[in-house]
Each structure stands twice: as C-alpha cells, then as structure tokens.
Amino acid sequence: MGKRDDLIAQYADDLRNKCGMEPDMDLLTKVTIGCGPAIYNADASTVAATQEAELETVKNNFLMKKLGLSDGPQLMDAINSVIETYGRSERNKYRAVVYYMLTKHFGKEAQYK
C-alpha cells in the first residue's frame, strides 16, 4: 500500500472511532484525492478549528468553490457541527475527514462521482 492508502485508512479509523460513523470508502478516497498534495503536509493536512481564518478558508475554498454552495450562516453552522462531531479537543482534525463530513452533511456526494 502507498502513503495515500495509509492516510485513507487513518481517516477511516478517525471517522469510525472519533466521529462515530461508518465511512463510505469510495467517497472518502475521492475526497482525499481531491485534497491533493495537502494531505502530505503536516500543517495543511489538518484544519485548525480554533482559527477563524482557517474556517473561512474551508467555507470559501471547499463549501462554496468545490461544492458550489451559496454563502450564508448555514455554512459556518455546518463547519462548527462537523468540528463538534470530530471533537473540539481532538488535536488533529484531518482536512480530508472534515471535508468528507461536510460533503455528507450537504448531500453533495455527486460532486465526487
């Protein structure tokens, strides 16, 4: 298995054990690939949930650009909900896991078909 496969297995483990959900492995793989080389960078591979600027980046670059959602308070509500599910105290919130949960939250799986 390659490095990406190892990371996907780690993300699936986080979804099962920290978020309490069984991952759709096909979608998780596609979301991970969609993150590009960021998954290999220690800083870029995680979401700094305590930094407002980081959450704005998730909203603008992922929810609005990638998923095509319209701006509104529901976007930040969804991000905060996902962060709560992952666990605010969880130090490493992987970007691919956060994006996966946001994709599921908004029912936008078709963006990855």
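So, how was this worked out
Residues numbered from 1 in each chain as written. Predicted model: local features only at pLDDT ≥ 70, side-chain atom pairs only at ≥ 80, totals over all residues. Heavy atoms only, no water. Phe/Tyr/Trp six-rings, centres within 6.5 Å; stacked < 30°, edge-to-face > 60°. Helix = DSSP H or I, 4+ residues; strand = E, 2+ residues; numbered from the N terminus. Buried < 20%, exposed > 50% of the residue type's maximum accessible area, 1.4 Å probe, protein only. Disulfide = S-S within 2.5 Å. Core = buried A, V, L, I, M, F, W, Y, C linked by side-chain atoms within 4.5 Å. Contact = heavy atoms within 4.5 Å. Salt bridge = Lys/Arg side-chain N within 4 Å of Asp/Glu carboxyl O.

(A) Region of the structure containing the packing of aromatic side chains. Enumeration according to the criterion identifies two aromatic pairs in this entry. On the basis of an interplanar angle of 45 degrees and a centroid distance of 5.3 Å, the ring pair of Tyr11 and Tyr94 is categorised as tilted. Taken together, the positions of Tyr11 in helix α1 (residues 3–17) and Tyr94 in the loop between α4 (73–86) and α5 (95–105) put the pair 83 residues apart, joining distant regions of the chain. Here Tyr11 and Tyr94 have matching classes, each one buried. Seen in terms of ring centroids, Phe62 and Tyr99 are 3.9 Å apart; in terms of plane orientation they differ by 15 degrees. Their pairing is stacked. Placement of Phe62 in helix α3 (residues 52–66) and of Tyr99 in helix α5 is noted, with a sequence separation of 37 residues between them. On the basis of relative accessible area, Phe62 is assigned to the buried category, the value being 3%. According to the relative accessible area criterion, Tyr99 is buried, its value standing at 10%.

(B) Expanded view of the state of the cysteines. All chains considered together, the criterion is met by zero disulfides. Lacking any disulfide linkage, Cys35 is separated from the closest cysteine sulfur, that of Cys19, by 14 Å.

(C) How the structure looks around the nonpolar core. One finds Tyr11, Leu63, Ile79, Val97, Met101 and Leu102 to be the most contacted residues of the largest nonpolar core, which totals 35 residues. Every element with two or more residues in this core is listed here: α1, α2 (25–34), α3, α4 and α5. Here Leu63 is in contact with Val58, Gly68, Leu69, Leu75, Ile79, Leu102 and Phe106, once residues within four sequence places are set aside.

(D) Region of the structure containing the pattern of salt bridges. A full pass over the atoms with the stated rule returns nine salt bridges. The closest approach of N and O atoms between Glu90 and Lys18, which form a salt bridge, is 3.0 Å. Of this pair, Glu90 sits in the loop between α4 and α5 while Lys18 is found in the loop between α1 and α2, placing the two residues 72 residues apart along the sequence. Of the residues examined, Lys18 reaches a relative accessible area of 34% and is grouped as partly exposed. Notably, a salt bridge pairs Lys59 with Asp71, separated by 3.1 Å at the nearest N-O pair. Within this pair, whereas Lys59 is found in helix α3, its partner Asp71 is found in the loop between α3 and α4, the two being separated by twelve residues in sequence. On the accessibility criterion, Lys59 (9% relative accessible area) is buried. Look at the salt bridges and you will find they share partners, linking Asp14, Lys18 and Glu90 into a network.

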